[in-house]
Amino acid sequence: MRVGIGYDIHRLVEGRPLYLGGVEIPYPKGLLGHSDGDVVLHAISDALLGAAGLPDIGELFPDTDPAYSNMDSRKILMQTVDLVHRAGFRILSLDAVIICEMPKLLPYKAQIKEKIRSLIDYPCHVNLKGKTNEGLGELGQGEAIACLAVAILGDME
Ligand code: MG
């Protein structure tokens, strides 16, 4: 069994759609990034790559490469899952904490979990938690959203 951890943070800015876990969330601001800035899919992908002993998403999908400009992060997760499978592992469990003052994520949690499961397209445990930063710092002031994720992999049967 292998364990991996992933972390990501992106700045919230006006005039971008907000994607979390591959789901578009209605909000006047979105996450700034070379890709669509989906911190949840980035943290989960890095957790999976870490557990498999593979390079991180910064190496695999460099933000200096125009090919990944405005990239749909669902593709990053799907390509990551493929790499993990080809490395001989199956995904047993994923857990993530989204640190987000606004918008409130409770109404979207079930939809985000379902979206992540559908992108992985392989039976595994997916859990998700929303936390505020208690008003503290940039996250607490609603200037950014961060995500921490843990993945557990087992050997492919
Ligand atoms: Mg990122």
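Residues numbered from 1 in each chain as written. Predicted model: local features only at pLDDT ≥ 70, side-chain atom pairs only at ≥ 80, totals over all residues. Heavy atoms only, no water.

All chains considered together, the criterion is met by four salt bridges. Close ionic contact of D95 with K129 constitutes a salt bridge, the shortest N to O distance being 2.7 Å. Residue D95 is located in strand β5 (residues 89-99), and its partner K129 is located in strand β6 (residues 125-131); the two are separated by 34 residues in the primary sequence. Of the residues examined, D95 reaches a relative accessible area of 31% and is grouped as partly exposed. (Salt bridge = Lys/Arg side-chain N within 4 Å of Asp/Glu carboxyl O. Helix = DSSP H or I, 4+ residues; strand = E, 2+ residues; numbered from the N terminus. Buried < 20%, exposed > 50% of the residue type's maximum accessible area, 1.4 Å probe, protein only.)

Here helix α4 (residues 109-120) is 12 residues long and its end C-alpha atoms lie 17 Å apart, about the 16 Å a rise of 1.5 Å per residue gives. Within the span of α4, buried status applies to I112, K113, I116, L119 and I120. Within α4, the buried residues cover an arc of 125 degrees as seen down the axis, which keeps them to one side. Against β2 (18-20), β3 (23-25), α1 (39-52), α3 (73-86), β5 and β6 lie the buried residues of α4. (Expected span 1.5 Å × (residues − 1). Arc of directions from axis to C-beta. Contact = heavy atoms within 4.5 Å.)

As a further point, take the sheet that holds strand β4 (residues 29-31). Sheet architecture is open: five strands sit in the order β4-β1-β7-β5-β6, paired in mixed fashion. The two strands at the open ends of the sheet, each matched to only one other strand, are β4 and β6. Within the sheet, the average angular offset between the axes of one strand and its neighbour, ignoring direction, is 20 degrees. In this sheet, strand β7 (residues 144-155) lies alongside strand β1 (residues 2-14) in antiparallel orientation, the contact comprising 10 bridges. If you follow Y7 over to β7, its bridge partner there is L148. In this fold α3 packs onto β5 and β7, with an angle of close to 145 degrees to the strand it touches most, β5. Sheet contacts for α4: β5 and β6; angle to β6, the most-contacted strand, approximately 145 degrees. (Pairing = 2+ DSSP bridges. Axes fitted to C-alpha atoms, helices over the stretch in contact; angles between N-to-C directions.)

Sheet analysis places β5 next to β6, joined by seven bridges and oriented parallel. Bridged to V97 within β6 is K129. Since β5 and β6 lie parallel, the crossover through α4 that links them has a hand, and here it is right-handed. (Right-handed = clockwise from strand over helix to strand, strands pointing away.)

Metal coordination angles have textbook ideals: 109.5 degrees for a tetrahedral set of four donors and 90 or 180 degrees for an octahedral set of six. Note on the magnesium ion: its protein donors are D8 (OD), H10 (NE2) and H42 (ND1). The metal-donor distances range over 2.1 to 2.2 Å. Sequence spacing of the donor residues for the magnesium ion, all on one chain, is D-x1-H-x31-H. Residue D8 is located in strand β1, and its partner H42 is located in helix α1; the two are separated by 34 residues in the primary sequence. (Donors = N, O, S within 2.8 Å, 3.2 Å for Na, K, Ca; no water.)

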